[in-house]
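# Coordinates in review
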Amino acid sequence: MTMIKSGVYVHIPFCLKKCAYCDFLSHRPRSLEVNEYMEALAKEIERFKVEGQTLFIGGGTPSIVPPSLMERLIKKLDKQYGPFLEATIEVNPGTVDLDYLKMLYDLGIDRLSIGVQSFDDDTLKKMGRIHSSNEAQEAVLKACEVGFTNISIDLIYGYPQTTIKTLEETLKTAISLPISHVSFYGLQLEEGTELMKERPQMLSDKEYVGMYYRGMEVLEASGFMQYEISNFAKPDFECKHNLIYWKNLEYLGLGVGAVSRLGKVRYKNIESVLTYVKSIEDGARTLLVEEQLTAPVILKENIMLGLRLKEGIGPNELGGFSLDDLYPEAVALLSGAGYLEQFNQLGVNRYRLTKKALPVMNSVLSYFF
Amino acid sequence: MQERSQNQIRNFCIIAHIDHGKSTLADRLLEITNTVSQREMKEQLLDSMELERERGITIKAKAIRMHYEANDGKVYQLNLIDTPGHVDFSYEVSRSLAACEGALLVVDATQGIEAQTLANLYQALEHDLKIIPIINKIDLPSAQVDEATQEIDEVLGSSDVYPVSAKTGQGVSVVLEAIVKEVPPPKGDMNAPFRALIFDSYFDSYRGAVANIRVVDGHVKVGDRISMFSTGKTFEVTEVGTMIPAQVSLDSLSSGEVGYLVASMRDVKDTSVGDTIINADNPAKDPLPGYRKAKPMVFCGLYPVDNDQFPDLRTALEKLQLNDASLVFEPETSAALGFGFRCGFLGLLHMDIIQERLEREYNLSLIITAPSVIYEVFTTKDSVLEIDNPSKLPPTQEILEIHEPMVKTTIITPDNYVGAIMQLCQDRRGTFKNMEYLNPTRAMLTYHMPLSEILMDFFDRLKSSSQGYASLDYELTSYEKADLVKLDILINGKPVDALSSIIHRDKAAYYGRSLAKKLKEVIPEQLFEIPIQAAIGSKVIARETVRALRKDVLAKCYGGDISRKRKLIEKQKEGKKRMKSIGNVEIPQEAFMAVLKVDDND
């Protein structure tokens, strides 16, 4: 038994259908696989004693787990690690009805992350999504109806054959809905995905970045403030769970392939459902050490993650130093070229990326690596 | 065996183009004479260095002794002296030829004679070697024995050829008989003072420099004091022997024989190829003819990407030099690249091989500047400078004349590519000299051309103009005055010395534009816009801009992604480290070679 205080992530590796662009650990479940997996998950939960701060049930598509099994999972998590400051579950608009949403709400889930991706039916079809634009909008409205006040939607820009025009339509619909948070992701073409196999004509960097800036503009004008490279929230609706990642704090990951950071070690769970279920049954270890985090590694990660955030990085993340103490030349060069800006927060000197730097963040980071 | 008369010795070599089957034929000869059993036979025994194997060429000559019982019932000592198969090593070739009395001319029945083969053949004829023409690969369905015979007839005036298949062994024993019957025995004087020709040498970490020699007169044995004719340095012989093909030490080597000699010589500079070894206590008066110091023709800068590797680079070059007397280098400094070496090579292949060995065997990451020839610069101060680095060219006002090395270029090609090749040679400032036909469909073109034009990707272009069929040979003929200018490249407003080149005035504008364009292609987009300019003196003749990077971001980074994404950026950073940082601009290694890849026709 380990005693920790952290975010808790639970991975549900199942989907009805794999989306074209997705490289996450998920697949269509075999019969009884969900039951076996949920059983094992319950046992894994018992292995840790954690004071949970936040809960995030992600996937895959957690909402394809039948209501009774989901209910048991949430109750178990709550009993073992609760209460949580924030409890999020990811849902697919094509898999939830009013009853399911009500059940989640009644069990104490207070934040929904809805995988919308686009409000354009053509684009949804290209992506291989299982829902329509209307269904997505209805899912938001139903969630609101059962009482959710913290609703996030995921949107993807930069998909092949999309235009800034369709994106603008999607954004227009998004801001008209009762939501508090938007994750606005640029498409990344990943190895091994259906999309990669199609060898699509990707948008030009100029179009891609144009879409990103357009999204920032529209969302911020509607009161969604950008607090991370790809995340926008109404005031006080930032995702507390994800902030744990970006601040490089501790988190426990449960279920296949889930990553944990406990102390100075990052672990990764077994990725195969079969092996995972069997190991849990046998009482064997499922957490495998992925990496020992040494001080220089932690520093690099703090910079990599911290610069994703609007609040940037300062002495808290840099072992008491300011970024320009550690990298005077790089800071001077990047500031001079308009990629880095200094600001003052409660009397402390901090740095963050400028708007110009966000789309080229990796190149900026390499100056600190 | 030592007393075997010279009448039962035959020294010969094999002249062949790359891939025409020299090594395979050698293997069969060794097998038939039971020098090496089939089982022991490593495929193509003569090419032992890994690089040689990969490139299918033989870089260093070696010699193997065989014993062959001929049809006349006598046992003959046959010494097969291997020759390097590339134009860069033509001097080494000439020394190997000088050690022989005969040569097997191997022509691929599917390809015909190639330019280098012909060049080597002419050399062999100059050395009065008996030529035994062999047409190889007769087992292949595409073999054209008649055409090949006709070409040999055209060149040698005799169509008496030996058709063989080195692969299957067909016809090879007939060749052995021909060697015995047709190649004359050595004619040295057994009783004269000792003289031997060094035709090859290499470094052995236990014994020092080992010389491969052909004894011309007298004999040499362990304990003899020997002297090098060119340097006068003396050594005591500690070992002599022969290769069959493993080294076997003998008591002595006598007139007519081929073998190796060890004498506590520190490095291969003591055993210059072509030098004559004499007995220090009973010295011969005259050296053997033909010695000359290997003179590098092609120069380039070699710089470690990481400046900390400079001492390692020096050590590596010193080690390579132990085995390669023709490699020269001296330290130089570049404002752009830091500390490195200016290195001289016999030719482009030699340069390639050395670079590859440095990177592969010594694990160095190098920046290689474009190769340059040696220019003779006549200055207003009445001096003549030898310039092997464009950045060292004096200011224009101090230059009276620049002379550049010219080569006689021989190209053999199927006649349907003659037009394209003539165009290419003309574009490269070549002057047409001659064209003759080797057979009704194959022509031999001779051009007078600047060597610098050959260094600039000429070979690749020749191959693409002829679908790979044309072959090339060149030899230095003279220095000639030319209207040359220095072209500078400025990146981000700063001149990059390592990218300067010397070029003919008429081509400079076009070339400057192409080079700027090429550099724009190879320099990756960075956070800052990068202007690239080409200039002659203070006059900018071309300008390009690498625009600032637009997109390089990871949209998502959550708990499961952190390690992986950190490693991704670390890898990206590693990639940057392989580039050279000049000012704030990261310049990849290939940019410094871009000078070579400038297209002629766009």
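Scoring rules and cut-offs
- Throughout this description, residue numbers start from 1 for each chain and increase along the sequence as written.
- Chains carry letters from A onward and ligands carry numbers from 1 onward, assigned in written order.
- Predicted model: local features are reported for residues with pLDDT of at least 70 only, side-chain atom pairs are reported and counted for 80 or more only, and whole-chain, interface and lining totals are derived from all residues.
- Calculated side-chain values reflect all of the structure's heavy atoms, with hydrogen atoms and water omitted.
- Grid points spaced at 1 Å and placed over the protein atoms alone form the basis of the search, with a cavity being a set where a 1.4 Å probe fits but cannot get out and a pocket an open set showing protein on both sides within 12 Å along at least five of seven lines. Lining residues have an atom within 4 Å of a point.
- Grid points are joined across faces, edges and corners, and a volume is the space filled by probe spheres set on the points.
- Counting from the N terminus, the helices are the DSSP runs of H or I reaching at least four residues and the strands are the DSSP runs of E reaching at least two.
- Side-chain classes follow a simple rule in which Ala, Val, Leu, Ile, Met, Phe, Trp, Tyr, Cys and Pro form the nonpolar group, Asp, Glu, Lys and Arg form the charged group, and the remainder, Gly included, forms the polar group.
- Accessibility here uses a 1.4 Å probe with only protein chains present; expressed as a share of the type maximum, an area under 20% marks a residue as buried, one over 50% as exposed, and anything in between as partly exposed.
- Two residues form a contact once any of their heavy atoms are found within 4.5 Å.
- We call a set of buried Ala, Val, Leu, Ile, Met, Phe, Trp, Tyr and Cys residues a nonpolar core when their side-chain atoms join them within 4.5 Å.
- Domains are outlined according to an automatic or database domain assignment.
- When two cysteine sulfur atoms lie within 2.5 Å, the pair is treated as a disulfide.

### Structural notes on the layout of surface pockets
Residue and element names in this part refer to chain B. Its boundaries defined by the atoms lining it, the second largest pocket holds a volume of some 930 Å³. Ser90, Gln123, Arg292, Glu475 and Leu476 are the residues nearest the centre of the second largest pocket, which is lined by 38 residues in total. If you list the elements that add at least two residues to the lining of the second largest pocket, you get helix H3 (90–98), helix H4 (115–126), strand E23 (399–414), strand E25 (442–450) and strand E26 (471–482). Residue contributions to the lining of the second largest pocket peak at eight residues, all from H4. Its residues placed into classes, the lining of the second largest pocket shows 19 nonpolar, ten polar and nine charged.

### Remarks on the environment of B:Phe432
Residue and element names in this part refer to chain B. Relative to the assigned elements, Phe432 resides in strand E24 (residues 431–439). Judged by its relative accessible area of 40%, Phe432 is partly exposed. Distance from Phe432 to Lys507, taken between C-alpha atoms, is 19 Å for residues 75 residues apart in sequence. Among residues more than four places away in sequence, those in contact with Phe432 are Met422, Leu445, Thr446 and Tyr447.

### Structural notes on the nonpolar core
If you look at the biggest cluster of nonpolar residues, it comprises 124 residues, and the most contacted ones within it are A:Leu104 and A:Phe368. Looking at this core element by element, the count peaks at seven residues for helix H8 (residues 205–221) of chain A. Looking at which domains feed residues into this core, each of domain 1 (5–245) and domain 2 (299–368) of chain A supplies at least three. Not counting residues within four places of it along the chain, the set of residues in contact with A:Phe368 comprises A:Ile303, A:Leu307, A:Leu323, A:Tyr327, A:Ala330, A:Val331, A:Leu334 and A:Leu340. Among the nonpolar cores identified, the runner-up in size contains 49 residues, and B:Val298, B:Leu302, B:Leu366 and B:Tyr474 belong to it.

### Points about the state of the cysteines
In total, this model carries zero disulfides over all chains according to the counting rule given. With no disulfide of its own, B:Cys13 lies 4.0 Å from the sulfur of B:Cys100, the closest cysteine sulfur. Here B:Cys557 stays free of any disulfide, with the sulfur of A:Cys239 as its closest cysteine sulfur at 14 Å. By relative accessible area, which is 1% here, B:Cys557 ends up buried.

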